[in-house]
Amino acid sequence: MGTSILLLTLTPEGREGMLRDAESVLRAAGTITTRGVQVLGLYAVLGEYDFVCILSAPSNEAVARFSLELGVKAGVHVTSLP
């Protein structure tokens with residue numbers, strides 16, 4: 001198992017979602033069931049990125065699958081750092 005960091009930036013649609021439901025990104029991350037991936041932490045941050053997500057995953061492919069699904073469900077752009 002490796003640890004990966006995802007840097008998340010809200011899309012315009014994601015920002016609107018956050019106004020309606022402040023926990024939308026947290027809830028979206030909790031609904032993703034990519035095999036072997038565990039969310040170790042999800043943090044709102046200030047600066048260039050809106051959130052930092054720390055994952056434990058068996059492969060880069062699993063991280064990519066999780067990132068894609070999170071991007072769609074939460075309305076975020078994801079930069080993955082394996």
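Now for a description of the structure that goes with this document.

What counts and how
- Residues numbered from 1 in each chain as written.
- Predicted model: local features only at pLDDT ≥ 70, side-chain atom pairs only at ≥ 80, totals over all residues.
- Heavy atoms only, no water.
- Helix = DSSP H or I, 4+ residues; strand = E, 2+ residues; numbered from the N terminus.
- Rg over C-alpha atoms; globule rule 2.2 N^0.38 Å.
- Buried < 20%, exposed > 50% of the residue type's maximum accessible area, 1.4 Å probe, protein only.
- Pairing = 2+ DSSP bridges.
- Contact = heavy atoms within 4.5 Å.
- Axes fitted to C-alpha atoms, helices over the stretch in contact; angles between N-to-C directions.
- Parallel < 35°, antiparallel > 145°, perpendicular 65-115°, else oblique.
- Left-handed = near helix turned anticlockwise from the far one by under 90°.
- Nonpolar A, V, L, I, M, F, W, Y, C, P; charged D, E, K, R; others polar.

### Re the overall build of the protein
Across its full length, the protein holds three helices and four strands. Ordered by position in the sequence, the α and β elements of the protein form the string β-α-α-β-β-α-β. Against the compact-globule benchmark of 12 Å for 82 residues, the protein has a radius of gyration of 12 Å, which places it among compact chains. With the C-alpha coordinates of the protein rotated into their principal frame, the extents come out at 35 × 25 × 15 Å.

### Topic: the pairing of strand β3 (residues 51–57)
Buried residues dominate β3, accounting for six of its seven residues. Here strand β1 (residues 2–10) runs beside β3; their pairing, made up of seven bridges, is antiparallel. Each bridged residue has a counterpart across the sheet, and for Ser4 the counterpart in β3 is Leu55. Pairing geometry for strand β2 (residues 38–44) and β3, over six bridges, is antiparallel. Bridging from a neighbouring strand, Gln38 pairs with Ser56 of β3. Hairpin connection from β2 to β3: six residues lie between these consecutive antiparallel strands, with Gly47 at a positive phi of about 120 degrees.

### What about the side chain of Ser56?
If you trace the backbone, Ser56 turns up in strand β3. Judged by relative accessible area, which is 13%, Ser56 ranks as buried. In this view, Ser56 contacts Met1, Gly2, Gly36, Val37, Gln38 and Leu40; residues no more than four positions away in its chain are not counted.

### Looking at the packing of helix α2 (residues 24–31) against helix α3 (residues 60–74)
In the contact formed by α2 and α3, the axes pass within 9 Å of each other and the chain directions differ by 140 degrees. Taken together, the axes of α2 and α3 are oblique relative to one another. Crossing hand, α2 versus α3: right-handed. Together, Val25, Ala28, Ala29 and Thr31 of α2 and Phe66, Leu70, Lys73 and Ala74 of α3 make up the contact between the two elements. For the contact of α2 with α3, the class distribution of residues is six nonpolar, one polar and one charged.

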